[in-house]
Structure formats: structure tokens, C-alpha cells
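The lines below spell out each chain.
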Amino acid sequence: MVRTRLPRPLKMLPPRATYLKSLLVCALVLDGFAAAHGADSQFEKEIRPLLKTYCLSCHNPQKKRGDLDLARFEKETDIGMGEEVWAEVAARVLAHEMPPEGKKQPSIEQRRKFVRWAQSVAKKSDDCKQLASDRTINFYKGHVMSRRLSRAEYNNSIRDLMGLDLRPADRFPSDGSGGEGFDNNGDALFTSAIHVEKYLDAAEYILNTILNPSAADVARFSQQAIQSARARLLIAAPGPDLPPHESACRIVAAFAERAFRRPVEDREVERFLTVFDRAMRRGDSFEMALKLPLKAVLISPHFLFLIEPEPDKDGVHELPDYPLASRLSYFLWASMPDAELLRLAAERKLHDEGFLREQVRRMLRDPRSRGLAESFTSQWLGLGVLGETVRPDPQRFPEFDETLANAMRQEPICFFDNLIREGRSLLELLDTDYTFANERLARHYGIEGVRGPAMRRVPLPDKNRGGVLGMAGVLTVTSFPLRTSPVLRGKWVLEDLLGARVPPPPPNAGELPKDDRNTKGLSFRKQLELHRSRSECASCHQRMDPIGFGLENFDPIGRFRTEQAGQPIDAVGELPSGEKFNGPRELRAVLLKQRTEFLRNLARKMLGYALGRQLYRFDQCVIDDALKALEADGYKATVLIERIVLSYPFRHRYVKK
Amino acid sequence: MYPKTRSLSRRTFLRGAGAMIALPFFESLLPVRAASKVRPPKRMACMYFPNGVWPAAWIPKKTGSDFELPFSLTPLEKLKQDVIVLSGLDKAQSRDGDGHYAKTANFLTGLHVQKTIGKDINVGGVSVDQVVAQKFGDQTPLPSLELGIDPVISGTDSVVGYTRLYGSYISWRTAGAPLAKEINPRMVYERLFGAKDAAPRHRDDDRSLLDLTLEDARNLRGRLGRDDLFKLDEYLDAIRAVERRLEFASKPDSREWKPTLAPDAAPPAAGIPREHREHVKLMLDLMVLAFWSDSTRIITFMFANDVSNKNFSFVEGVRGSHHDMSHHSNDPRKIEQYQRINRWHVEQFAYLLGKLKAIREGEATLLDNAMVMFGSSLSDGNRHDPNNLPILLAGRAGGNLQTGRHIASPKNTPLCNLYVSMLQRMDLPVRSFGDSTGPLAGLS
């Protein structure tokens, strides 16, 4: 790949520009903010002509390349329409990604002037301090919706409620995602009749297993486990001193209180007991009759929905202790609060920053924090499709079976879980010298001496692996069934890891053969480079492909290789910024320099997950704050999570009537 | 010429090899029942496959009844007289938006898809299948059945600005709420035939529990904000739907039409088959069972979610996956394989039609009493083209469709015109639906 390159004018730019010099752009989606800017008529005199000469041939309303129309900015007063546009435009022009190769290029001076102007337009005022009040509500649109539990949350809640890991939600329909891409987004969680049927079935199955184990299919559990679950549920046996109704009352009250994650009122319990009384009158046994109110609890909206009741007044309100306890536990455990959290809520201590921080630390050390690792990691990395809709070709890769796929899914979860539990640096996700594997996965990686199906920490002697980029699951979901895809892998790194924006290909873009076996004497890489020679493709592909090339040493199921179809692997890549690397190890070093983008994206994803909603302008303050805290404290995973929990949006609720 | 034995029970043929449901299709398995005077009910199914087609191998050259089946439609050779090939139908509301999500979510609504990553999900209106289900769904145990193969696509596409769940649903109960689809064959079977096995007491108990819950949810309404109310109301509606279903099962069956299928049950193997062909076949068999047993009269089925990149190397002559192959960039080798993937889907459609045709109902067959629409939300997938969509319509809707023809509609005819005509044939006297300009001309 031979390319002429203009000298880069970085040194002439203000210091803020250095972090922008990356190939990447962190596209902040800022909501509904159209402030007037102080740029003088410079726009019409000097900037607009530059746009005309270098940009508008593609970024016009007709072609709208990359979904970007710059022609709509005709007058200085139009500029405010697209604050977020200019930040991205500045970064892309600065990184020499725009105008793309093969198109007319501006002079150094023109480029410098343009970038400086665009950056000044994009510069945000410091909202963070002034916005955290009821008066500035318009910027704080972070409405967290009362919503039903996701599948994972339902399973975990039942496990913690019953003391038995029954996993009934595995039979529920799958959930879609919204907001920042997670399935705990209320807007995207729908309830169909089929859900209610499943909730009824699940309640029946759960209670049968515990109350009537002889009738239920309970081979999965030991008698001892079931007996202890029974004892946990049946806290008051009827007897000479305790009439059945009273006994049921105590059992149901205690159960509902835990299920609803708040105190229950007597009349709520009495209502549930009407079905118990009726069953007793018709001659049901005590336990058969008891099953009915318990079942009612399990299909109640108070259990199935995370409800945050609303005060009468519009505005931003501090979240009361009980809903805060649930927000906290569903974020950190993807499950219900435990007794300690509920006790603190009852004592109204939880909203106190000191107690809250202490709880975060306790909860992250608890094994239940694996719920966060499971839900967050697999959704962030996009691993849900592994072995489902994304499957390597079975003939070509017979090694890929359910056992291997399962280990591939577990690897990033165990890794992230360990980061949280041990308070390790988030940068280990980019580069480190260990991973988690069982015998099967270790063999896949060519590591000897690991025995058995349990995942455990394994040192990586081979410096080519380390961090998520060396994980087989990631490498497999970014491949096609019959070959690797440098494009998909590059796109994955840019979008999912670094939070950049890669526009979709224009219609009629070329495609490559589906199989990587050598065709027409051209190496696969040569064909891809040919494809990139078209200017409309080049601007994105010169960002994506080099990264993917750096990962070419990994085959479509993530095994290390040095040759392919009889030719040695060429894993050299060069980014538009001029940075070069050869192979995964050097690529990781380059990516480590992009740590700000990586951490910013991770913080954004984590906040989006914590809140279960789309992020808005004000949320940016939390991300900025978390980044500062991370830098000051060794990039610890726990620091990020703590900052999020202590943040304003997490502890408040926006109410619109 | 009916045999002397009674029709085989489901149990007999469900014990086929492995997870397969082997449906009877021999003449010898037809029921003893003499043709009754009761008219069998009309059924409607809408079947979706992703990523479009190669139009040159799909659209017949001639119109009318004297046409030849192009390559992708050749599996319909024996069923040509039962099918209408429709060309020239557009979905104008999908001309903007992204290449896929804005085109699939409204496959059955025909209206604009709101660009969003979550807030205010909206597909313009209720889907055509649900319009029928909401009107006549109370006549069967299940108002409708939503089936598919893939789990919902997770994540949001921040680049095009859509939540990916748009690519996973075609049935919409309201403009803002899709219906969850069932992808597990065993679960479908249990939904179809499980409830009848439940003891009556159990059913009454469930109903009183649902009543309690309904009350709970109603009390809660007053304490919630606007958006939260929508979510809770969805739950309320879902509870009512299940109550109706339980009520239906507890009352004597008032339907005049008695299905010709024995009511005992033996489910297919648990779990979702790993093999795509097997999975699809099971779901198609279940569709036949659902119609045959009159468990429902409305079904939607998605062969895959949109943008599906399923590996189709199991099809002879194909080496690669679906979405990639649809972006053929006019390379003849890819187009060849794209057509073969299209043809595989038509083959499955033909399989379903064959099964429906083998079941006698009254004077005719189940297929004659049904109307099965089959198509994609794109024509040429390479261009993400929402015009001139590939649509087939099979069955006679109880004698109201003149099949065995290719009908080419004039330019700019809305796909929704077909939906108007379908609704009318399902006894809903509507004049418009979605962006329709009238009924579709020439269907009968």
C-alpha cells in the first residue's frame, strides 16, 4: 500500500488537539441543543468557500455521504444546527481522513484554519456545574422508565428470592435493546400475552419445585438444596398456636416484601390471602392453598416491574431509598437487593454518600457482581450472537462446537468479573498477559497444562494474545463463516471498543469472495486493497482495514496462524495518522495510545447500562468526571462503577407529567 | 375415496425421526368425516424472508396465466395453479431511512418507521395480521401466532440510528409495541396444545390470580408517569389476553367448524434445533398443525431477522452467507448463489403449501381455505430497494382468489393495496390500510 501523505500540521494546533489526533472520533450524541455561537462572519467569508471546494461534492443533500450534509450550513446562523457535527468534522479533517485520498486536498494553512474554526464551534460550555438543578431540567431528560425485568434479571431475581438457581426465564422470548445498546432499556422492553403465559408457567414451575418436589422435574437439584429453599420460604408452619391463615399471612408477607423489594402493607397481603382462603375452604392442603398467593406475588407487576413511583411535581427528584436500592442492585448484580440493602433503605441511610459508597464496594466484592459482568460484557462486546446467528461453517471448522462456544462466551465474562472483583485496571481489557480459560479453550489457544471444564486464570506466554482483542469469541463474531473479515474486525474495534462512528457503505459497494481460499492468484489482502482504491470507499476503509490486518494472525475461530492458503500472513497495518504496526502485539500498543477514546466509550456504555436509557447532554458530565477519576486512580474498574453510582443522574429521577 | 380407519392422531406422526414432526400427507390419512355443510374458517399467514431477491430470477416474463416460473420460483412447479405471483408493488414509506430496519419493521404496516435507538419506537400503525386478529381473534384459542427462527437482534445501530429490534419484528399490536415471537418449536407446541391438558381447577385458579394481578396493576396506574403508564398498560393488555384465552378454554366450544385433527398431543423434542433446515421445517409443520387444529387463524413467520448473515453453504452451489450474498455488486458468481438462497426459501414455502393442500376440509383443502402471503421487504438486496417487492400469494381464501397467475401492477402501486384486498377477503370490509390507494386490482 503506497500512499503519499501530506505533512501533518499537528504542532501548530492548540494543545487540546493532541488527543484528537487519533484516527478516531468520539461521536458524542448531544441532544437538542442549538446554541448560538460566537463565530463571526468568518464562516461566510473563509470557511464556507473551503467547504465548497473540498467537501460539498460528496456531503451535499443529494449524495449525503456518510449521512452528512454540509451544504445546509449556508449562513453563519445555520452553524448552531449541528454542534456535534463540527466536533466530528474537525477531528476527521485533522486526522487527514477527510477529504479522502484521491480527492482534492487543502493546503496545510487551509486545513489548520478550518480545524481551528470547527473546533471553536464545537467547544462546549461547561454545563456540568450549572445543570444539576430543577431549573435546568431541559438539559436533563434522563427519564428512567419503570420497566419489566429483562430475562437475565428475572433469572437472577428468582435465584436470590428462592435460593435456588431455577432459570425459568430461559424459556421466555428474547428481549431487544435500546438506548446505549442494552436489554435493560425500558423503551425497548415490551410485554406480550406470551410473556404473561410464561410468567404463569414459571411461577407454577418455581413453586412446584419447592413445595411439591415429588411432582416436579427436580433432577437438577439436590434434596438438600430443595429442603433449604423450602425452609427459607415456609417460615411459619401452621400448628396448635398458629391457625393456617395466620401462618400463610406471615409467609406471604415475608415473601412479598423480598419479591417487591420494599415493605408491603397489610391490606396488600390480605388481598393475596383471599385466594388462599378460598382454596382452603374447598379442601386444598395447606401447601397447595399457599401456592396460590405465592404465585400471585410472582406475577404481580410489583415483582415483574422495576417501579419508581412518581411524586406529583414535575422536575428532578432525589430517588427515595427503596427505588435507589433496586437501581443499585440491578446495576451491580442484575438482581434484587439483599437484606442489608433493604435494611439501609428502611433506615433511610442509603441515599447518604458514605453509606452508598460503602455498599458499592461491598456489592462488587460479592459473587453476585458476576451478574454485571455477564449482562454488560456480553452485550457490550456483542457476543450474544456467538453460536446463535453467527456460526462458523461446520464443515470447515468442525472444532467449533457448543463446548468451545460456551468457553468463548465465558472468557470475557470471567475476565471482566475478575477486573471488578479485584479492582484491576480497565486498560487490561486492551492489553495484558493473562486470560481465563478451561482445558478446551486453552487447547484452542495452544496452551498446555490446563485440565477440566472450569474456567480459571491462565497466564499467556504468547504475547500475541492479551485483552479482548485476543479473545476467540470476539474474533469469531467479527468473522464470516468461511473467512476472517479485516473490515468487520476493524469496524468492531472502531465502534464497539473505541466508540467511533463508521458510516455504512454506499449502495453498490463491492464485496469480496466468501471464502478465503486463494482465487485468481491475488491474496485476499490484495483484493481488499484493490477494493479500497475507490475514493468513496477509501475514507472509511483506511480507518477500518489496517486494524483488521493487524489481527489477521487470528483465523475465523480465533486460532493463531502464521500462514493462510499457503501464503504467509501479512499483518502490517498503517493508520491514516501514519502509525504503523505489524501483528496483534504492535496493534495493541497503538490502541493503548487511544486509551482516552477507549475509556470514554467504556464509561459511556457503562453509564448507559447503569441507567437503562439513552444518554443525553448532561450525562456527558458524568463521563468526564469518571475519566478524571480513572486517570487519578490507576484506571480501576471499581472507580468507574463507583463514580457512576454516586453521580447525579443515577441518584435522581426526572419526572415529566 | 376415504379409508375406513379414523384419521391418525398427532401422537402417531409426531414420533418421527429425531425432532422432526412428520405430518401425514397421504390420501390414506384423510379423515373419515363426511363433507359437512359448515364452511371451514378462512386462515391467513404472512411469511417474511430477509435480504431481498435477484429480480431477474424472480419476476416471470409474461403476465396472466400463461407464464413460466423463473429460476427462483421453480420449486412451485407443482403448485403453480395455487399461487399468484405479484410484481410491481412498492413500499413508498421505506424509500428513505436505512437499508434494512426502516424496511422490515413496517413490512406489514406499510407506514413510516420512526428513526430511533429506543425512545418512541413507532412503525406507523397496527400490522395487517393484527388487524384481523384484533377483530376475529376471539373465535379461536389463540388470537394469532407469531413465529420466527432467530432471537431478537440485540443492540442498537448507532451509525444508522435505529434500534436493531426493528429488524426482528413484523407483527405489531400497536404502532409502538411489537408482539414477541416464539422461536422454540417445543414452546409453540405447548402453546397450541398445552392449555387443553391443564386441569379445570388449575385454569380457574389462574384466572382468579390474573384478576388479582389486574387489580394490582390498575391500582398502580395512578402512581406512574406517562411513559411508564404505556408500559404498564401493555402488561394489563397482555393479562387480559391470557384471561380471554383461559376463558375460551373453560367454555364449551361454540365453533361450528370442528377441526379434523385428533386432540391428543406429543410434543417435538425440547430445545431449539441447531440445524437451520430442521428448525424451519419444524416451524412450518407447526403452522400446519395450528391451522389444521383451528388453534388460530392468523400466523406470521420470519425465516430470519433482517440483515441475517446465516451461512447457506448447506444449499448446493452456495458457499457463503445470506446478507453478504445479497450485496452481490452485480458479480455473476454471487448473483448465482443469491438466487439459490432465494430459491431455497421458495422451496420451504412450497413445502408448507404442499402440506396444507394435502389436508381435506369440507369440500376443499386447507390450502383452499387459506391465504398465505410470502415475501421480502426488499427487491434487489444489493440496492436495498423497497420497490417492486417480491410477493407471492397462495391459497384461495375460501374461493375468493383466482390463482395460477402473474399479476404485474402498474408503477407505484402500494403494497398496502394488497393488504386491503387481503383484509376484505378475511371479511373485514375496510377501504384503506397503511398508504393504500384502494384494493389491489385483478385478484379474483
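Criteria and thresholds
- Residues numbered from 1 in each chain as written.
- Chains lettered and ligands numbered in written order.
- Predicted model: local features only at pLDDT ≥ 70, side-chain atom pairs only at ≥ 80, totals over all residues.
- Helix = DSSP H or I, 4+ residues; strand = E, 2+ residues; numbered from the N terminus.
- Contact = placed C-beta atoms within 7 Å.
- Domains from an automatic or database assignment.
- Nonpolar A, V, L, I, M, F, W, Y, C, P; charged D, E, K, R; others polar.
- Buried ≥ 20, exposed ≤ 12 C-beta atoms within 10 Å, placed from the backbone.
- Expected span 1.5 Å × (residues − 1).
- Arc of directions from axis to C-beta.

Enquirer: Please clarify how the environment of A:Met455 should be interpreted in this entry.
Expert: Residue and element names in this part refer to chain A. Locating methionine 455 in the fold gives a position in the loop between helix H17 (439-444) and strand S5 (456-459). Considering only alpha carbons, one finds methionine 455 and phenylalanine 436, 19 residues apart in sequence, at a separation of 6.0 Å. Not counting the four nearest positions on each side in its chain, methionine 455 is found in contact with Gln410, Cys414, Phe436, Ala437 and Asn438.

Enquirer: I tried to follow the domain arrangement of chain A on my own but got confused; where do I start?
Expert: Interface size, as often reported, equals the accessible area lost upon joining of the parts. Residue and element names in this part refer to chain A. Along its sequence, chain A is organised into domain 1 (18-121), domain 2 (148-306), domain 3 (319-365) and domain 4 (377-593). Computed over C-alpha atoms, the centres of domain 2 and domain 3 are 22 Å apart. Contact residues are listed per partner, giving nine residues for domain 2 and nine residues for domain 3. Ranked by residues supplied to the side of domain 2 that touches domain 3, first place goes to helix H5 (residues 151-162) with six residues. For the side of domain 2 that touches domain 3, a count of residues per class yields three nonpolar, two polar and four charged.

Enquirer: Mind showing me how you'd approach the environment of B:Asp138 here?
Expert: All names here are of chain B. Summarising the element assignment, aspartate 138 is placed in the loop between helix H3 (128-136) and strand S3 (145-148). Judged by local crowding, aspartate 138 falls into the partly exposed class, with 13 C-beta atoms found within 10 Å. Taking C-alpha positions, aspartate 138 is 40 Å from serine 158, a pair spaced 20 residues apart along the chain. Leaving out residues up to four positions away in the same chain, aspartate 138 has contacts with Pro143 and Arg244.

Enquirer: What exactly am I supposed to notice about the environment of A:Ala256 here?
Expert: In this structure, A:Ala256 sits in helix H8 (residues 244-260). With residues up to four places along the chain from it excluded, the contact list for A:Ala256 reads A:Val264, A:Glu268, A:Val269, A:Phe272 and A:Val297.

Enquirer: Whenever I open this one, the interface of chain A and chain B confuses me. Can you help?
Expert: Every contact between the two is made by 64 residues of chain A and, on the other side, 62 residues of chain B. The biggest single contributor to the side of chain A that touches chain B is helix H6 (residues 193-211) of chain A, with six residues. A class-by-class count of the residues in the side of chain A that touches chain B yields 24 nonpolar, 22 polar and 18 charged.

Enquirer: Would you mind going over helix H24 (residues 619-632) of chain A with me for this structure?
Expert: Side chains of residues three or four places apart in an α-helix project in the same direction, reflecting 3.6 residues per turn. Residues and elements named next belong to chain A. The terminal C-alpha atoms of H24, which comprises 14 residues, lie 20 Å apart, in line with the 20 Å expected from a rise of 1.5 Å per residue. For H24, the full list of buried residues reads Asp619, Val622, Ile623, Ala626 and Leu630. For H24, the angular spread of buried residues about the axis comes to 95°, placing them on one side. Among the exposed residues of H24, those oriented more than 90 degrees off its buried face are Lys628 and Ala632. Where the residues of H24 are buried, they touch helix H23 (595-611), helix H25 (637-646) and helix H26 (648-651).

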